[in-house]
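What the coordinates show
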Amino acid sequence: MAAAGAFCPLSGALLRRRIPLLHRRRILAITATAPEASAPAPTPSQPPPPLRSKGYFPKKNEILELTCEGLAFKGKGVCKVDGSTFVLLCDGALPGERLVARVRRLRRGAFAEAAKLKTLSPHHDAVEAPCPLAADCGGCKSQSLAYSAQIHHKYVQVRDLLVNFGKFDARSLESSDPSAILKSIVPCDEIFRYRNKMEFSFGTKRWMKREWKEEKEEVTKGEELETDGYSLGLHAPGFFDKVLHVETCLLHSEPADKVLAVVQEIWTDPALGLTPYDVYKHVGFLKHLMIRTGRNVSTGAPEVMVNFVTSCYKPELLMPLVDRITKIPEVASVVNNVNTSVGNTSVGEQEYTLYGKPTITEMLRGLTFQISANSFFQTNTKQADVLYKLIEDSAGLKGDGSEIVLDLFCGTGTIGLTLARRAKHVYGYEVVPEAIADAQKNAKLNGISNATFVQGDLNKINETFGKEFPKPDIIISDPNRPGMHMKLIKWLLEVKAPRIVYVSCNPATCARDLDYLCHGVEEKGLSGCYELKHVIPVDMFPHTPHIECVCLLELC
């Protein structure tokens, strides 16, 4: 397969330099993607690029003409100089594009990172991005790539990671046979207005996009533009202190956009005396604006929660904003989280309700969930419904109420509660105590009595783990991006549940964990005992590099 061979020089370089296995795996996971098509030839108006030897090695700050051959995990373009096999990962580069870039970092000689300066010829499947800030804010950087191409490249990334990182046979993954392990990616029906939560930051200056200029056929970096005047928007990619001013966002709901517009219109009025928090001087009042959208259970109409995160509790300063935004019919809740620390978190030590109710509601798989300002909830509600249906189908519950379900990394209990109706009992584990409290509330709200939620760190389990519940028939594991700890992998291989449904938001660590569960861990003396039955990629967040996967493993 092309993917396996495309990066042989890279993997060889890693082995020769004796980079530890863990680092080799991480680097290969980042770059495990294959070119799907050859890049277009330069147009006649372009001079031919200089020839490079296959052993070419770039220098830091060198400016190069590159061809993007595919997408790596996290959405970085896999680029090469013509005639060279050396890989440069370039943010913003898209497959088929020819571009000029500056080398930013060299990664132990294995690959380099580059910053895109300008496009020489556009990529395949180019479309005009609807948002003028798409290339700069970094929140949905793939808007200029047709959606069909986006999901194709996400599918390719999952496939290549399973082969290169999970050690699964490419022939068993893809075939016309219905029993093929890797299923077609599930697209998202709504590619805009799908987010139910957005968090914006207040800043002391308006940061504008970088500018690049050409001088005597050379491309040089312009200065970052900061203008006087306060800003409210999203952090510029890679910066904690620079806020890109955002007037409207196409990802969150239309009622949420109305709230953002009203706040933008009035918050800088000097008469209100509102100041943004300065992350260097640690002075100022407004830190974040969080907007969440749910649904009224009775009417199905959208309801919005607005959360102002401030450095201290001064409700009188917020009331002019509250008075204006509550004129928007969909606004059902306005709260104030007070965060006195110098950190940049949006979670406060104290929370106050300034208007309406302290929570909003949402429906998912026929269940009702109460959402507070700091609750975790699936960000794309409609696609989460699709995802949970796939999880339920993969779990294969008999429906006779005879099976024990263990829900690892259960969060607020959304997955476990949707399965509880057909199970004997659900046991959920989660490290965040607030999430466990929400899970217990959600169980009570929906009249579910056969679910037990326990606070515990699954990265620090010991020999007593598993003694407090019966042997599970089905295990659901939905870890965060780092995947599962080796202690948990070992426990899973020892307990030998008949089925595991692994839900992943990071296909790289997912492929690693599937390898451990199916093929074992030789250096730890662990033998694999599971067979991978299917992997279903799901696109939860269009225009972003994120990929969700639902994987079913059955005991051999």
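Residues numbered from 1 in each chain as written. Predicted model: local features only at pLDDT ≥ 70, side-chain atom pairs only at ≥ 80, totals over all residues. Heavy atoms only, no water.

Next up on the list: the pairing of strand β14 (residues 302–310). Among the 9 residues of β14, 8 are classified as buried, and the element is accordingly described as predominantly covered. With 9 bridges connecting them, strand β13 (residues 286–295) and β14 associate as antiparallel partners. Bridge pairing in β14 places Gly-294 opposite Glu-303. Where β13 folds back onto β14 in an antiparallel hairpin, the turn is made up of 6 residues, including Gly-300, whose phi is positive at roughly 80°. (Buried < 20%, exposed > 50% of the residue type's maximum accessible area, 1.4 Å probe, protein only. Helix = DSSP H or I, 4+ residues; strand = E, 2+ residues; numbered from the N terminus. Pairing = 2+ DSSP bridges.)

On to the nonpolar core, then. Nonpolar side chains tend toward joint burial in soluble globular proteins. Of all hydrophobic cores here, the largest spans 78 residues; its most connected members are Phe-200, Val-259, Leu-289, Val-306, Phe-308, Ile-391 and Ile-476. Sequence-distant contacts of Ile-476, that is, excluding residues within four places in its chain, are made with Ile-391, Ala-395, Val-405, Leu-406, Asp-407, Leu-408, Ile-415, Leu-419, Val-501 and Val-503. (Core = buried A, V, L, I, M, F, W, Y, C linked by side-chain atoms within 4.5 Å. Contact = heavy atoms within 4.5 Å.)

An ideal rise of 1.5 Å per residue puts 21 Å on 15 residues; helix α9 (residues 381–395) measures up with 21 Å between its terminal C-alpha atoms. Among all positions of α9, only Thr-381, Gln-383, Ala-384, Leu-387, Tyr-388, Leu-390, Ile-391, Glu-392, Ser-394 and Ala-395 are buried. Looking one or two residues beyond α9, the residue adopting positive phi is Gly-396, at roughly 60°. (Expected span 1.5 Å × (residues − 1).)

It is worth spelling out the sheet that holds strand β5 (residues 111–121) at this point. A barrel is described by the order of its strands in space; here 5 strands give the closed sequence β1-β2-β3-β5-β4, paired in mixed fashion. Taken over all neighbouring pairs, the strand axes of this sheet differ in orientation by 50° on average, direction set aside. Bridge count for strand β3 (residues 88–91) against β5 is 4 bridges, and the pairing is parallel. When the bridges of β5 are listed, Cys-90 appears paired with Ala-114. (Axes fitted to C-alpha atoms, helices over the stretch in contact; angles between N-to-C directions.)

Angle between the axes and distance between the axes: these two values describe a pair of packed helices. Two elements in contact, helix α7 (residues 254–266) and helix α8 (residues 315–325), have axes separated by 10 Å at closest approach and are oriented at 140°. As the angle between them shows, α7 and α8 are arranged oblique. At the point where α7 passes α8, the crossing takes the right-handed sense. Of the residues in α8, those in contact with Val-259, Val-262, Val-263, Glu-265 and Ile-266 of α7 are Pro-320, Leu-321, Arg-324 and Ile-325. For the contact of α7 with α8, the per-class residue count stands at 7 nonpolar, no polar and 2 charged. (Parallel < 35°, antiparallel > 145°, perpendicular 65-115°, else oblique. Left-handed = near helix turned anticlockwise from the far one by under 90°. Nonpolar A, V, L, I, M, F, W, Y, C, P; charged D, E, K, R; others polar.)

For helix α5 (residues 147–164), built from 18 residues, the straight-helix expectation of 26 Å at 1.5 Å per residue is met to within 8% by its first-to-last C-alpha distance of 26 Å. Across the 18 residues that make up α5, a large majority, 15, are buried.

Let us now look at the environment of Ala-149. Position of Ala-149 among the secondary structure elements: in helix α5. C-alpha of Ala-149 to C-alpha of Pro-95: the two residues are 54 residues apart in sequence and 9.3 Å apart in space.

Right, let's get into the pattern of salt bridges. Applying the stated rule across the entire model yields 25 salt bridges. The salt bridge involving Arg-171 is made with Asp-169; its shortest N-O contact spans 3.3 Å. With a relative accessible area of 66%, Arg-171 lands in the exposed category. Several salt bridges share partner residues, and in doing so they unite Arg-104, Arg-105, Arg-107 and Glu-113 into one network. (Salt bridge = Lys/Arg side-chain N within 4 Å of Asp/Glu carboxyl O.)

This paragraph deals with the sheet that holds strand β21 (residues 451–455). With mixed pairing, the 7 strands of this open sheet are ordered in space as β21-β20-β19-β22-β23-β25-β24. Looking at the sheet topology across the chains shown, the edges are occupied by β21 and β24 (530–538). Strand-to-strand twist across the sheet, computed as the mean angle between neighbouring axes with direction ignored, equals 15°. Pairing geometry for β24 and strand β25 (residues 548–555), over 8 bridges, is antiparallel. Within β25, the residue paired with His-534 across the bridge is Leu-552. Packed on one face of the sheet, helix α13 (residues 507–519) meets β23 (499–504), β24 and β25 and runs near 165° to β24.

Before going further, it helps to spend a moment on the packing of aromatic side chains. Per the stated rule, a full pass over the model turns up 13 aromatic pairs. Measuring from centroid to centroid gives 4.9 Å for Phe-465 and Trp-491, while their planes differ by 70°, and the two rings are edge-to-face. Of this pair, Phe-465 sits in the loop between β21 and β22 (474–477) while Trp-491 sits in helix α12 (residues 486–495), and the two are 26 residues apart along the sequence. Accessibility assignment for this pair places Phe-465 and Trp-491 in one class, buried. Geometry around Tyr-277 places Lys-287 over its ring, the cationic atom sitting 4.4 Å from the centre. (Phe/Tyr/Trp six-rings, centres within 6.5 Å; stacked < 30°, edge-to-face > 60°. Lys NZ or Arg CZ within 6 Å of the ring centre and 35° of its normal.)

Direction vectors running N to C along α12 and α13 enclose 35°, while the axes themselves pass 10 Å from each other. For α12 against α13, the interelement crossing comes out right-handed. Counting all contacts with α12, which are made through Met-486, Ile-489, Leu-492 and Leu-493, the residues of α13 involved are Asp-513, Tyr-516 and Leu-517.

What follows is about unusual backbone geometry. One non-glycine residue, Asn-61, lies in positive phi territory at about 75°. If you trace the backbone, Asn-61 turns up in the loop between α3 (21–31) and β1 (63–71). Backbone geometry places Lys-167, a non-glycine residue, at a positive phi of 65°. As for its placement among the helices and strands, Lys-167 is situated in the loop between α5 and α6 (170–173). Overall, Lys-167 belongs to the exposed group, its relative accessible area being 52%.

Mapped onto the secondary structure, Ser-311 falls in the loop between β14 and α8. Taking the C-alpha atoms as reference, Ser-311 lies 7.2 Å from Gly-284; in sequence the two are 27 residues apart. Excluding anything up to four places from it in sequence, Ser-311 contacts Tyr-277, Gly-284, Phe-285, Lys-287, Val-338, Asn-339 and Thr-340. Within polar-contact distance, the side chain of Ser-311 engages the backbone oxygen of Gly-284 at 2.6 Å. (Polar contact = N/O pair within 3.5 Å; in protein donor to acceptor, adjacent residues only side chain to side chain.)

Looking at the protein, the pLDDT average stands at 86 and 86% of residues meet or exceed 70. Per-residue pLDDT stays below 50 along residues 1–48; that stretch engages in 82 contacts with residues further than four places along the chain or on separate chains. Below a pLDDT of 50 lies the segment residues 211–224, which in the model reaches 28 contacts outside its immediate sequence neighbourhood of four places, other chains included. (pLDDT = per-residue confidence, 0-100.)

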